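Given next are the chains, with one letter for each unit.
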Amino acid sequence: MVEVREAAKVLSQARRVVVFTGAGISAESGVPTFRDALTGLWERFDAQALATPQAFQDDPDLVWGWYEWRRTVIRRVHPNPGHEAVAAIEARTPRSVVITQNVDDLHERAGSAGPLHLHGSLFEPRCASCARSAPVPGGEEPSEGRRLAPPRCEHCSGPVRPGVVWFGEALPEQILETAVQEATDCDVLLTIGASGLVYPAAEIPKVAAMFGGTVIQVNPQPTPLDAVAGINLHGTAATILPTLVAAAWPDLS
């Protein structure tokens, strides 16, 4: 595949690499996206309607139960070869960083060190009142889901909320600033499984291209980022990325 060989050459010569991932790479591991049909208790609800500050204020038990169910789903799945290939790219390019729109921990479990979570993480709950970090609850939720009262903050007794960015909330300022700076400075940005429709995150690949970085897109479907990418690799992350890594660094094969 000519495009893979071209991308491998560019990647192997890069000194600074940004790997930018979206829902597609996690969906390949079985993590439901917001577009997927829900089951059990949740089939009566719109997922996006549950992901707002107002929803948590109106019915914290419903929203906390929904996110605990999502965390259980993620704990039951595993990183796929795409996640493992991302970790391999990091290992071969020390000045590299993963920027993800995903709120799961699959990059961490695959070996990535300190990915930047633009939209927060299901594994970093915090107090809705004082914003202090809270412990991640243990245990698993039933597959059909249930309402569940959120725990209370051990510092101020306020309700603990999921550590994600809800619709209508701003992205974490420091993480966004770091992500933009990394995109500005990189030689190569790999965008993987990102729809290119979620803003402001979708600006990150555009920033890399604007400042002279080569954007390589991995996605089975066309996206608005096709026009930004210098190289488009059409396929799934689990299929394309291991092939790309093997071509860039044959000694890893």
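Residues numbered from 1 in each chain as written. Predicted model: local features only at pLDDT ≥ 70, side-chain atom pairs only at ≥ 80, totals over all residues. Heavy atoms only, no water.

As named in an unreviewed UniProt entry, the protein is NAD-dependent protein deacylase, taken from Actinoplanes hulinensis. UniProt's Subcellular location (unreviewed entry) comment on the protein is quoted here verbatim: "Cytoplasm". UniProt lists a comment for the protein under the heading Function (unreviewed entry), and it reads "NAD-dependent lysine deacetylase and desuccinylase that specifically removes acetyl and succinyl groups on target proteins. Modulates the activities of several proteins which are inactive in their acylated form." (UniProt positions renumbered as here; feature names shortened; annotations may be inferred.)

### A few points about the UniProt feature "active site" (unreviewed entry) in the protein
UniProt marks H119 with the feature "active site" (unreviewed entry), using the numbering shown here. Its place among the elements puts H119 in the loop between β3 (116–117) and β4 (126–127). Not counting the four nearest positions on each side in its chain, H119 is found in contact with T100, Q101, V103, V164, V165, L171, V198 and A201. (Helix = DSSP H or I, 4+ residues; strand = E, 2+ residues; numbered from the N terminus. Contact = heavy atoms within 4.5 Å.)

### Some points on the pattern of salt bridges
This structure, assessed with the given rule, holds nine salt bridges. Here D187 ties to R15 by a salt bridge, and the two come within 4.0 Å at their closest N and O atoms. Taken together, the positions of D187 in the loop between α8 (173–185) and β6 (188–192) and R15 in the loop between α1 (2–13) and β1 (16–21) put the pair 172 residues apart, joining distant regions of the chain. For D187, a relative accessible area of 25% translates into the label partly exposed. The exposed category is assigned to R15, whose relative accessible area is 63%. Note that E141 is salt-bridged to R146, the shortest N-O span being 2.6 Å. (Salt bridge = Lys/Arg side-chain N within 4 Å of Asp/Glu carboxyl O. Buried < 20%, exposed > 50% of the residue type's maximum accessible area, 1.4 Å probe, protein only.)

### Notes on the side chain of T21
Tracing the chain through its elements places T21 in strand β1. Looking at T21, the relative accessible area reads 0%, which means it is buried. Not counting residues up to four positions away in its chain, the partners in contact with T21 are I99, T100, Q101, N102, H107 and I192.

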